[in-house]
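What follows is the residue order along each chain.
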Amino acid sequence: MPPEDPAAASAPPPSPPGTLSPDGRWVWNGQQWQPAPPPPPPGSPPQGYGYPPAQAPYPGYGAPPPGYGMPPPGYPGAGYPGYPVRAIGPAPGVAYATFLQRVGAAILDGIIFVVLTIIFLIVIGVSAGSEGTPSNNAGVAIGVIGLILTFLAACVYQIVLPAQGGTYGMRALHLRVARADNGANIGLPLAFGRWAVMVAISFVPFGSFLDVLWMLWDERRQTLHDKAVNTFVVTPVG
């Protein structure tokens, strides 16, 4: 449908698509005139701020909160000169876990197995310090078996629970291990790979320290074993 302006209607069709008619009501799409889109409502953010749309889906993280996608009051949008904006998380209402949060979760997890290890060491020490009777030998065997089972339980603990969201220490601090591509739980294959990379790094001199400290300067606060399998640890905010 041509524009109502007679001058525009009699003029040759414009060559660049997107050309507006003089009355501003029609736009040329390269083949014919189409009604021009309505102007944005008053108060809407200008295009190009870099904020995602308010209704964008975020698999694994839930729906965005009301008002997400609007720049903070009193602050310029992302990319404004002199005001760089750094994302605090991969989706609305979710932030990357901090270094102290992850260390705190690791300490809580460690307490569980340190206590068990101390108990079985005491059993071995008490039994070995007595006379070599069958009952004492049985006590040493129980202590040794307990240490072995504690080690195996620690390995399983670091694989099975992260696959389902996080260890008990993480859950106590409201942390969750998530896939970087969709925010879902990482599952057993990724959890095993994450743990295997962590173990392999520990055999490198100072590897474990570098692995943990890497999150201090990483943009998404990932450790090296997180980067290896494309996961990260997040926490709810707001």
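Residues numbered from 1 in each chain as written. Predicted model: local features only at pLDDT ≥ 70, side-chain atom pairs only at ≥ 80, totals over all residues. Heavy atoms only, no water.

A. Quick look at helix 2 (residues 99-128). The end-to-end C-alpha separation of helix 2 is 42 Å, in line with the 44 Å expected for 30 residues at 1.5 Å each. Within the span of helix 2, buried status applies to Arg-102, Ala-105, Asp-109, Phe-113, Ile-124 and Ser-127. (Helix = DSSP H or I, 4+ residues; strand = E, 2+ residues; numbered from the N terminus. Expected span 1.5 Å × (residues − 1). Buried < 20%, exposed > 50% of the residue type's maximum accessible area, 1.4 Å probe, protein only.)

B. Highlighting the side chain of Arg-194. Along the chain, Arg-194 falls in helix 5 (residues 187-202). Assessed through its relative accessible area of 6%, Arg-194 is described here as buried. Excluding its chain neighbours within four sequence positions, the residues that come into contact with Arg-194 are Arg-102, Pro-162, Met-170, Val-177, Ile-186, His-225, Asp-226, Val-229, Thr-231 and Val-233. (Contact = heavy atoms within 4.5 Å.)

C. Local environment of the environment of Gln-158. Looking at the secondary structure, you find Gln-158 in helix 3 (residues 134-163). The spacing of Gln-158 and Ala-191 is 33 residues in sequence and 8.0 Å in space, taken between C-alpha atoms. Apart from residues no more than four positions distant in its own chain, Gln-158 is found in contact with Thr-167, Trp-195 and Met-198.

As far as function goes, none of this settles anything; it's purely spatial.
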